[in-house]
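Working through the structure, step by step
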Amino acid sequence: MRKKLIAANWKMYKNPEQTKAFFHEFLPLVAGHTRDEIVVCPPYIDLCVAIESCKGSNVAIGAQNLYWEKQGAYTGEICPAMLLDIGCTHVIIGHSERRQYFGDTEETVAKKTKAALAAGLIPIVCVGESLAQREAGHTEKICHGQFTGGPGALTPEEFSRILIAYEPVWAIGTGKTATPEIAAAAHRFLRQCAAEKFGAERASALRILYGGSVKPDNIEGLMAQEELDGALVGGASLDAKAFASIVNGCESAR
Ligand code: PGA
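These numbers were taken from a predicted model, which means no experiment stands behind them.

A look at the overall build of the protein
When helices and strands are tallied, the protein shows twelve helices and eight strands. Taken along the three principal axes of its C-alpha coordinates, the protein extends 45 × 45 × 35 Å. Of the roughly 11300 Å² of accessible surface on the protein, 54% is carried by carbon and sulfur atoms. Charge centroids of the protein, computed over 26 positive and 29 negative side chains, lie 2 Å from each other.

Topic: the site of the ligand
Neighbouring the ligand are 13 residues, the closest being K11, H95, E167, G173 and S213. At 3.5 Å from an oxygen atom of the ligand is found a side-chain nitrogen or oxygen belonging to N9. Within the backbone of G235, a nitrogen or oxygen atom sits 2.8 Å from an oxygen atom of the ligand. Contact with the protein chains hides 97% of the accessible area of the ligand, taken as 280 Å² for the molecule alone.

Concerning the sheet that holds strand β4 (residues 90–93)
One key point about sheets: their strands pair by backbone hydrogen bonds, in either a parallel or an antiparallel sense. Read around the closed barrel, eight strands run β1-β2-β3-β4-β5-β6-β7-β8, paired in parallel fashion. On average, each strand axis in the sheet is inclined to that of its neighbour by 25°, with strand direction left out of account. Helix α12 (residues 240–252) rests against β1 (5–9), β2 (37–41) and β8 (230–233) of the sheet, and its axis sits at about 160° to β1.

Regarding the environment of I38
Residue position: I38 is located in strand β2. For the pair I38 and H187, spaced 149 residues apart in sequence, the C-alpha to C-alpha distance is 20 Å. Setting aside its immediate chain neighbours within four residues, I38 contacts I6, F26, V30, H33, N58, V59, A60, F243 and V247.

Here we look at the nonpolar core
With 64 residues, the main nonpolar core has I6, F23, F26, V59, I61, Y210 and F243 as its most contacted residues. The greatest single-element share of this core, amounting to eight residues, is contributed by helix α9 (residues 180–198). Dropping the residues within four chain positions of it, F26 is found in contact with I38, V59, A240, F243, A244 and V247. Counting residues in each nonpolar core, the second largest holds eleven residues, with L5, V39, C41 and I124 among its members.

Comments concerning the pattern of salt bridges
Close approach of charged atoms allows side chains with opposite charge to pair. Under the criterion given, the structure shown has twelve salt bridges. Among the salt bridges present, the one from E52 reaches K55, with a minimum N-O distance of 3.2 Å. In this structure, E52 and K55 share a single accessibility class: exposed. Between D104 and K112 there is a salt bridge; the shortest N-O distance is 2.9 Å. On the basis of relative accessibility, which here comes to 4%, the residue K112 falls in the buried class. Through salt bridges with shared partners, a single network forms among R2, R191, E227 and D229.

Focus on the packing of helix α1 (residues 16–30) against helix α2 (residues 47–54)
Interaxial distance between α1 and α2 falls to 9 Å at its minimum, and their mutual angle equals 25°. As judged from the angle between their axes, α1 and α2 are roughly parallel. Crossing of α1 against α2: the hand is right-handed. Contacts between α1 and α2 involve P16, T19, K20, F23 and L27 from the former and V49, A50, S53 and C54 from the latter. Looking at the contact of α1 with α2, its residues break down into six nonpolar, two polar and one charged.

A closer look at unusual backbone geometry
One non-glycine residue with positive phi stands out, namely K11, at about 55°. On the secondary structure map, K11 appears in the loop between β1 and α1. Not every positive phi belongs to a glycine, and S213 is a case in point at roughly 55°. Along the chain, S213 turns up in the loop between β7 (207–211) and α11 (219–223).

Topic: the packing of aromatic side chains
Applying the stated criterion to the full structure yields eleven aromatic pairs. Look at Y166 and Y210: their rings are 6.4 Å apart centre to centre, the planes differ by 50°, and that puts the pair in the tilted class. Of this pair, Y166 sits in strand β6 (residues 163–166) while Y210 is found in strand β7, placing the two residues 44 residues apart along the sequence. Aromatic ring contacts, followed pair by pair, group W10, F22, F23, F26 and F243 into a single cluster. Just above the ring of W10 sits the side chain of K14; from NZ or CZ to the centre is 5.3 Å.

About the thresholds
- Residues numbered from 1 in each chain as written.
- Predicted model: local features only at pLDDT ≥ 70, side-chain atom pairs only at ≥ 80, totals over all residues.
- Heavy atoms only, no water.
- Helix = DSSP H or I, 4+ residues; strand = E, 2+ residues; numbered from the N terminus.
- Areas by Shrake-Rupley, 256 points an atom, 1.4 Å probe, with all protein chains shown as cover.
- Lys, Arg positive; Asp, Glu negative; His and termini not counted.
- Charge placed at Lys NZ, Arg CZ, Asp CG, Glu CD.
- Near = heavy atom within 4 Å.
- Polar contact = N/O pair within 3.5 Å; in protein donor to acceptor, adjacent residues only side chain to side chain.
- Pairing = 2+ DSSP bridges.
- Axes fitted to C-alpha atoms, helices over the stretch in contact; angles between N-to-C directions.
- Contact = heavy atoms within 4.5 Å.
- Core = buried A, V, L, I, M, F, W, Y, C linked by side-chain atoms within 4.5 Å.
- Buried < 20%, exposed > 50% of the residue type's maximum accessible area, 1.4 Å probe, protein only.
- Salt bridge = Lys/Arg side-chain N within 4 Å of Asp/Glu carboxyl O.
- Parallel < 35°, antiparallel > 145°, perpendicular 65-115°, else oblique.
- Left-handed = near helix turned anticlockwise from the far one by under 90°.
- Nonpolar A, V, L, I, M, F, W, Y, C, P; charged D, E, K, R; others polar.
- Phe/Tyr/Trp six-rings, centres within 6.5 Å; stacked < 30°, edge-to-face > 60°.
- Lys NZ or Arg CZ within 6 Å of the ring centre and 35° of its normal.

Don't take any of this as a statement about function, it's just geometry.
Set out below in structure tokens:
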């Protein structure tokens, strides 16, 4: 039985004060929820406040990106050890917005993932097709390519320490959630890619999250699909009540 994980991706929203206020409201709403893992990924400037606010709670904190070098003259970048040192446990890698606007490629995704793992962080590696790619019937080809060039480039041991998030780009921030069946089919395909590369045992231990317009009113339907091992939530994670209701909905789906 794979443990589910619900992650929040705050993107470029909230300052430290708003972060503190969020956790003040959120933590009591999910207290005692130990069946699933909860991870919140705020912007870099909020990480310390978030970690301080969540000390001793059931909520872990992750970053939304990192750079693969250990240190050096890389203006504006953050390395894996910096994240680990302040108490981050997770990091999102290769989100479609990073691929689309900031030049992340299969190759940089693999480099970032390896660097995160070497430092001891848990990467959540994102893959997913665009609307045009889906409509052209290329969903599997795109997911296969993103899998092979990214997670597929890891060693089997490295691979056993990552999570994958399937996020169809057409469902992100659009209000168009993939139906539970569409999501499950893509998850099954990704698990098959994992099995081909790393064997059935590692593939069946892999946790694959779904992301793209996850809301309090669709979480139960999504989580009722055995293939879905949790969710990566953008917009709806900014509101403490809505995100708590997603976390609790994940539990009641079973
Ligand atoms: P959304 O974003 O929930 O706002 O669609 C999901 C994501 O980009 O991770």
